[in-house]
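This is what each chain is made of:
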Amino acid sequence: MVHQPRASGPGEQLLEELLAAAHAATPTELPGLVQRFADAEGLDRIDVYLVDLQQRYLVPLTHGPPALSVSDSVAGSAYRAHELRVEELTQGGKITTWLPLIDGVERLGVIGATAPVIDGALLRRCRILASILAMVITSKRASSDSFARRTRIQTMQLPAEMLRAFLPPRTIGNSRVISTAVLEPAYNLGGDVFDHSLTSSTLHVAILDAMGHNLASGLTTSVAMAGCRNARRAEAELPELVDNIQQALADWLPEQFCTGILAQLDLASGLLRWCNCGHPPPLLIRDHRVLGGALERPPQPPLGTPAALAGVTWEVHQEPLEPGDRVLMYTDGVTELRTGGGAEFGLERFTDSIIRATAAGESAPEALRQLIRSILDRQGNQLRDDATLLLLEWCPPGSR
């Protein structure tokens, strides 16, 4: 017997129309499309909020509503936990249902649907709407300045603007691994960058820190990152990849150098392989504890002139991870911070901060957000050098 296809209901048809219209819409037209959906579904309104560059505030896509704190609001709770939250409004007997905006594993913000009541069928369509919006925002933000303007709280300095143009998404991942990173000072970067990329079998990550804190430093790490991607996309092995970076710096910026870690994680076995080019060693976090010295190996020279003079042959280190392990890479701008009394922040205080940030069982992106927030709060949100963190978690099926 042949079954006739079930006709779509008005809600599904509306979502189809919204998706078709969103392809041609500009970022400034998205709120109008969303409100058309809200009106047709009998909702009072749907508000779209994007997270700011430092993940401190949720900023409305339209002018008018106030920004909301990521740490201290119901909307922020939905963002932090990746889960639905319901807020009872003080007037009118209405509720706002907050849903996270997530593209893959990258957190973009939240949407808030306000009405006297939201039943299961309408909630399902709001979830679909959130998924559509996340994909639309991701696809359009690279070709429009509108989203960048809304998510910036300060003026971006030129070196930071250049570096951020090269950066990948803040968080990537799949069912086996997550990699997430943050850079500070967000609007005044000098020479730090990170990179991460996924294939079906491997997570590739890199963290680089150039000498100095100026435009030349940014150029150095930009060239180094281009050399890394060029070799990675040609499927070069780690030593050849590092050699490619080394050659690029020698050819184009012979007076500059940078430190870095280039690593690969096998998604099936959990084997971590890396080269350390004059950089602080990664930290292994297992069961909410930092295993001191677990990934410490003899360092090799920085990339650029020091390595060229040494005629170095790059050594590949390796360490098998256990399910649930996290590996944290960082630049020395983190540990060389000064406390209020002038003492160096140091590895011990940094380790304590890591333990506090991971002990609550938060997801890797949220744990990293809380970690950088605790470090910045100690410094009054003022940093003299770049501080970059990259956290990866190996989470094969069944390990969560």
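Calculation notes
Residues numbered from 1 in each chain as written. Predicted model: local features only at pLDDT ≥ 70, side-chain atom pairs only at ≥ 80, totals over all residues. Heavy atoms only, no water. Pairing = 2+ DSSP bridges. Helix = DSSP H or I, 4+ residues; strand = E, 2+ residues; numbered from the N terminus. Axes fitted to C-alpha atoms, helices over the stretch in contact; angles between N-to-C directions. Salt bridge = Lys/Arg side-chain N within 4 Å of Asp/Glu carboxyl O. Buried < 20%, exposed > 50% of the residue type's maximum accessible area, 1.4 Å probe, protein only. Core = buried A, V, L, I, M, F, W, Y, C linked by side-chain atoms within 4.5 Å. Contact = heavy atoms within 4.5 Å. Expected span 1.5 Å × (residues − 1). Arc of directions from axis to C-beta. Phe/Tyr/Trp six-rings, centres within 6.5 Å; stacked < 30°, edge-to-face > 60°. Disulfide = S-S within 2.5 Å. Domains from an automatic or database assignment. Buried area = accessible area lost by both parts, 1.4 Å probe. Polar contact = N/O pair within 3.5 Å; in protein donor to acceptor, adjacent residues only side chain to side chain. Nonpolar A, V, L, I, M, F, W, Y, C, P; charged D, E, K, R; others polar.

Looking at an unreviewed UniProt entry, the chain carries the name Serine/threonine protein phosphatase, with the source organism given as Streptomyces silvensis.

Strand order in the open sheet made by the six strands is β7-β8-β18-β17-β13-β14, with antiparallel pairing throughout. The outermost strands of the open sheet, each flanked by one partner alone, are β7 (171-173) and β14 (289-291). Between one strand and the next, the sheet's axes are offset by a mean angle of 20°, whatever the strand orientation. The sheet contact formed by strand β13 (residues 283-286) and strand β17 (residues 326-330) spans three bridges and is antiparallel. Paired with Leu284 across the bridge in β17 is Val327.

Take the pattern of salt bridges next. Tallying each qualifying case throughout the model produces 15 salt bridges. Linking Arg125 and Glu41 is a salt bridge whose minimum nitrogen-to-oxygen distance equals 2.8 Å. Of this pair, Arg125 sits in helix α4 (residues 120-141) while Glu41 is found in the loop between α2 (30-40) and β1 (45-51), placing the two residues 84 residues apart along the sequence. By relative accessible area, which is 15% here, Arg125 ends up buried. Linking Glu366 and Arg369 is a salt bridge whose minimum nitrogen-to-oxygen distance equals 3.0 Å. Taken together, the residues Glu366 and Arg369, both in helix α12 (residues 364-378) and three residues apart, mark about one turn of the helix. This pair shows no difference in class: Glu366 is buried, exactly as Arg369 is. Each member of the salt-bridge network shares a partner with another, and the members are Arg107, Glu366 and Arg369.

Let's shift gears to the nonpolar core. Membership of the largest hydrophobic core comes to 49 residues, with the highest contact counts inside it found for Leu262, Leu303 and Met329. Ignoring any residue separated from it by four or fewer positions in sequence, one finds Leu262 in contact with Val205, Ala206, Cys228, Leu238, Leu241, Val242, Ile245, Arg273, Trp274, Cys275 and Cys277.

Its 15 residues give helix α8 (residues 238-252) an end-to-end C-alpha distance of 21 Å, which sits within 8% of 21 Å, the value for a rise of 1.5 Å per residue. Leu238, Leu241, Val242, Ile245, Gln246, Ala248 and Leu249 are the residues of α8 that are buried. Each buried residue of α8 lies within a common arc of 160° when the element is viewed along its axis, so the set occupies one face. Among the structural elements, α7 (215-233), β11 (257-266), β12 (271-277), β15 (303-304) and α9 (305-310) are those in contact with the buried residues of α8.

It is worth spelling out the packing of aromatic side chains at this point. This model, assessed by the stated rule, comprises one aromatic pair. Taken together, a centroid distance of 5.7 Å and an interplanar angle of 70° make the contact between Tyr49 and Trp98 edge-to-face. Of the two residues, Tyr49 is situated in strand β1 and Trp98 in strand β5 (residues 95-103); the sequence distance between them amounts to 49 residues. Exposure remark for Trp98: the relative accessible area of 5% places this residue in the buried category.

The next point concerns the sheet that holds strand β4 (residues 85-88). Each strand in a sheet pairs with another by means of backbone hydrogen bonds, the pair being arranged parallel or else antiparallel. Strand order in the open sheet formed by six strands is β3-β2-β1-β6-β5-β4, and the pairing between neighbours is antiparallel. Strand pairing shows two members of the sheet lacking a second neighbour, β3 (68-69) and β4, which therefore form its edges. Here strand β2 (residues 57-60) pairs with β3 via two bridges, running antiparallel. Counted as the bridge partner of Leu58 is Leu68 from β3. Lying on the sheet, α4 is in contact with β1, β5 and β6 (106-115); it crosses β5 at an angle near 40°.

This part takes up the state of the cysteines. According to the stated counting rule, one finds zero disulfides in the structure shown. Free of any disulfide, Cys258 has its nearest cysteine sulfur in Cys277, 7.9 Å distant. Its sulfur unpaired, Cys277 is 6.1 Å from the next cysteine sulfur, which belongs to Cys275.

Moving on to the domain arrangement of the chain. Often the size quoted for an interface is simply the accessible area lost on bringing the parts together. The assigned domain composition of the chain is domain 1 (10-150) and domain 2 (156-394). One C-alpha centre belongs to domain 1, the other to domain 2, and the line joining them spans 32 Å. On the domain 2 side, the residues contacting the 14 residues of domain 1 number 18 residues. Between domain 1 and domain 2, the buried area comes to about 1500 Å², and carbon and sulfur atoms account for 45% of it. Of all residues in domain 1, the largest losses of buried area upon contact with domain 2 belong to Leu53, Gln54 and Val105, amounting jointly to 42% of the total for that side. At the boundary of domain 1 with domain 2, the tally comes to two salt bridges. A salt bridge links Arg56 to Asp377, with the shortest nitrogen-to-oxygen separation between them at 3.6 Å. If you look at where domain 1 meets domain 2, you find seven residue pairs in polar contact (both at pLDDT 80 or more). Here the residues of the side of domain 1 that touches domain 2 sort into five nonpolar, four polar and five charged.

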